[in-house]
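Secondary and tertiary structure notes
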Amino acid sequence: MMASSAATRSGAAAFKAVKPIFSRDLSEARRRARELYRAWYREVPNTVHMFQLDITPQQGHEKLREMFDRNRHVTDPRVIDLLVIKGKMELEETIKVWKQKTHIMRFFHQTEAQRPDDFLSKFYQGHDA
Amino acid sequence: MASRALAYCMRSFARSTARLNHGNAFTRYACAPLVSKQRALGVTPCSQRTRWTELVRISGPSVHLCRHYGDLPPLTLGNIEERVMYVLKLYDKISPEKLQTSSHFMKDLGLDSLDQVEIIMAMEDEFGFEIPDAEAEKLMTPAEIVQYIADKKDVYE
């Protein structure tokens with residue numbers, strides 16, 4: 001009974017029909033993601049100039065690629081659509097200068113301190129081992 | 001009347017061959033379709049163009065067929081391919097030794113879809129016209145890019 005219910009659950013999860021947000025299948029969602037990448041790629045040099053950032057456009061492009069690579073594993077079209085919508089909102093705020101320099105530089109902010117793993121960093125931190 | 005038309009044809013042939021002698025390849029290609037327009041009488045085929053090189057200069061009102069007026073030199077298939085390969089060699093994720101006209105971006109050169117988008121954007125910047133994403137996602141080799149640009153810009157040989 002458990003095996004059959006597990007099978008039906010997995011079968012139902014594979015073929016559940018849901019209402020799409022924008023795109024009907026994965027290829028359309030990937031196309032939207034590519035369009036967003038294009039728009040951001042063209043916008044990065046203008047952003048660096050407008051906000052007088054201290055980064056080069058190449059660093060901006062690398063950061064853009066990194067942000068897109070974080071969500072590379074997603075396959076659900078609705079999730080991709082939502083991510084694209086959020087990216088478009090960020091792009092609009094950047095183009096129309098509703099953001100400020102600090103908001104853009106938050107992308108470059110390191111979120112967590114790396115834990116030391118080699119001996120010397122651990123020694124500097126205070127671990128004598 | 002026929003002789004005047006014939007003289008006009010000779011004048012344009014002489015002018016085009018004069019440019020052949022001390023012009024570059026682009027003007028020759030630009031003159032070729034224009035010269036063919038003057039062939040209303042079926043005067044001489046293109047292969048006989050070289051025989052007119054000894055003609056004396058014909059004076060009179062001249063129609064300048066090979067002026068560009070600030071435009072770029074006309075596109076040819078070889079020219080397009082040169083520019084495409086040049087742009088690809090400048091891209092830092094591609095090693096120039098492995099690059100060929102038929103090398104697939106994803107399978108041979110190991111790029112991914114975002115790299116391919118960047119390459120298509122570089123082509124847009126080089127040739128100055130928009131390539132929509134629906135058609136851009138199918139262009140996977142430099143040969144396909146050259147073919148697409150030639151289709152869009154009406155370049156044929």
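My aim in this report is to walk through the structure given alongside it, one point at a time.

Thresholds, definitions, all that
- Residues numbered from 1 in each chain as written.
- Chains lettered and ligands numbered in written order.
- Predicted model: local features only at pLDDT ≥ 70, side-chain atom pairs only at ≥ 80, totals over all residues.
- Heavy atoms only, no water.
- Helix = DSSP H or I, 4+ residues; strand = E, 2+ residues; numbered from the N terminus.
- Buried < 20%, exposed > 50% of the residue type's maximum accessible area, 1.4 Å probe, protein only.
- Contact = heavy atoms within 4.5 Å.
- Areas by Shrake-Rupley, 256 points an atom, 1.4 Å probe, with all protein chains shown as cover.
- Axes fitted to C-alpha atoms, helices over the stretch in contact; angles between N-to-C directions.
- Left-handed = near helix turned anticlockwise from the far one by under 90°.
- Nonpolar A, V, L, I, M, F, W, Y, C, P; charged D, E, K, R; others polar.
- Buried area = accessible area lost by both parts, 1.4 Å probe.
- Salt bridge = Lys/Arg side-chain N within 4 Å of Asp/Glu carboxyl O.
- Polar contact = N/O pair within 3.5 Å; in protein donor to acceptor, adjacent residues only side chain to side chain.
- Phe/Tyr/Trp six-rings, centres within 6.5 Å; stacked < 30°, edge-to-face > 60°.
- 1 Å grid on protein atoms, 1.4 Å probe; cavity = no way out; pocket = protein on both sides within 12 Å on 5 of 7 lines; lining within 4 Å.
- Points joined across faces, edges and corners; volume = space filled by probe spheres on them.
- Core = buried A, V, L, I, M, F, W, Y, C linked by side-chain atoms within 4.5 Å.
- Expected span 1.5 Å × (residues − 1).
- Parallel < 35°, antiparallel > 145°, perpendicular 65-115°, else oblique.

**As for the overall build of chain A**
When helices and strands are counted, chain A shows six helices and zero strands. In sequence order, the secondary structure elements of chain A are arranged as α-α-α-α-α-α. Expressed as a percentage of the 129 residues in chain A, the buried residues total 22%. In chain A, once contacts between residues fewer than 6 apart in sequence are set aside, the share between residues at least 24 apart is 70%. Carbon and sulfur atoms provide 56% of the accessible area of chain A, an area that totals close to 9,900 Å².

**Regarding the packing of helix H3 (residues 57-70) of chain A against helix H4 (residues 113-127) of chain B**
Contact geometry of H3 of chain A with H4 of chain B gives a least axis separation of 11 Å together with a crossing angle of 145 degrees. Crossing geometry of H3 of chain A relative to H4 of chain B is assigned as right-handed. In contact with Arg65, Phe68 and Asp69 of chain A of H3 of chain A, H4 of chain B contributes Leu114, Asp115 and Glu118 of chain B. Of the residues assigned to the contact of H3 of chain A with H4 of chain B, the class counts are two nonpolar, no polar and four charged.

**Looking at the interface of chain A and chain B**
A common way to state how big an interface is: give the accessible area lost once the parts meet. With twelve residues of chain A in contact, the opposing surface of chain B contributes 18 residues. Between chain A and chain B the total buried area reaches about 1,400 Å² when both faces are included, carbon and sulfur atoms providing 45% of it. Linking chain A with chain B are eleven salt bridges. A salt bridge links Arg65 of chain A to Asp115 of chain B, with the nearest nitrogen and oxygen atoms 2.7 Å apart. Our count for the contact surface shared by chain A and chain B stands at twelve residue pairs in polar contact (both at pLDDT 80 or more). Those elements that provide at least two residues to the side of chain A that touches chain B are helix H2 (26-50) and H3 of chain A. Considering every element that reaches the side of chain A that touches chain B, the biggest residue donor is H2 of chain A, with eight residues.

**Examining the packing of aromatic side chains**
Residue and element names in this part refer to chain A. Considering all chains together, one arrives at three aromatic pairs over all chains under this definition. A centroid spacing of 6.0 Å and a plane angle of 40 degrees characterise the contact between Tyr37 and Tyr41, whose relative ring orientation is tilted. With a gap of four residues between them, Tyr37 and Tyr41 both fall in helix H2, about one helical turn apart. Between Tyr37 and Phe68, the aromatic rings sit 5.1 Å apart at their centres with planes inclined by 80 degrees, giving edge-to-face as the arrangement. One end of the pair, Tyr37, is in helix H2; the other, Phe68, is in helix H3, with 31 residues separating them in the sequence. Of the aromatic side chains, those joined through ring pairs into one cluster are Tyr37, Tyr41 and Phe68.

**Side note on the layout of surface pockets**
Once rolled over the atoms, a probe with the size of a water molecule shows which space is left empty. When its volume is computed, the largest pocket comes out at roughly 940 Å³. Taken together, 35 residues line the largest pocket, and the ones lying closest to its centre are Leu36, Leu64, Met67, Phe68 and Asn71 of chain A. Those elements giving two or more residues to the lining of the largest pocket turn out to be H2, H3 and helix H4 (77-95) of chain A together with H4 of chain B. The element best represented in the lining of the largest pocket is H2 of chain A, accounting for nine residues. In the lining of the largest pocket, the residues fall into 19 nonpolar, eight polar and eight charged.

**Some words on the nonpolar core**
The biggest cluster of nonpolar side chains holds 25 residues, and the ones touching the most others in it are Ile80, Val84, Leu88, Ile94, Ile119, Met123 and Ile145 of chain B. With residues up to four places along the chain from it excluded, the contact list for Ile80 of chain B reads Leu75, Phe127, Val146, Ile149, Ala150 and Val155 of chain B. One finds Leu36, Phe68 and Leu91 of chain A together with Met121 of chain B within the second-largest nonpolar core, a separate group that totals nine residues.

**So, the environment of Tyr148 of chain B**
Residues and elements named next belong to chain B. Among the structural elements, Tyr148 can be located in helix H6 (residues 142-153). The buried category is assigned to Tyr148, whose relative accessible area is 12%. In this structure the C-alpha to C-alpha distance between Tyr148 and Glu135, which are 13 residues apart in sequence, comes to 9.1 Å. If near-sequence neighbours (up to four positions away) are discounted, Tyr148 is found in contact with Phe129, Ile131, Pro132, Glu135 and Leu139.

**Describing H3 of chain A**
Two residues of an α-helix separated by three or four positions point the same way, owing to the 3.6 residues in each turn. The end-to-end C-alpha distance of H3 of chain A is 20 Å, a good match for the 20 Å that 14 residues give at a rise of 1.5 Å each. Those residues of H3 of chain A that sit buried are Gly60, His61, Lys63, Leu64, Arg65 and Phe68 of chain A. The secondary structure elements touched by the buried residues of H3 of chain A are H2 of chain A together with H4 of chain B.

**Overview of the packing of helix H3 (residues 77-90) of chain B against H6 of chain B**
Residue and element names in this part refer to chain B. Interaxial distance between H3 and H6 falls to 10 Å at its minimum, and their mutual angle equals 135 degrees. One finds that H3 runs oblique with respect to H6. As for how H3 packs across H6, the hand of that crossing is right-handed. Residues Leu77, Ile80, Glu81, Val84, Met85 and Leu88 of H3 touch H6, and the partners they reach there are Pro142, Ile145, Val146, Ile149 and Ala150. Its residues assigned to classes, the contact of H3 with H6 comprises ten nonpolar, no polar and one charged.

Any functional reading would require information beyond the geometric quantities listed.
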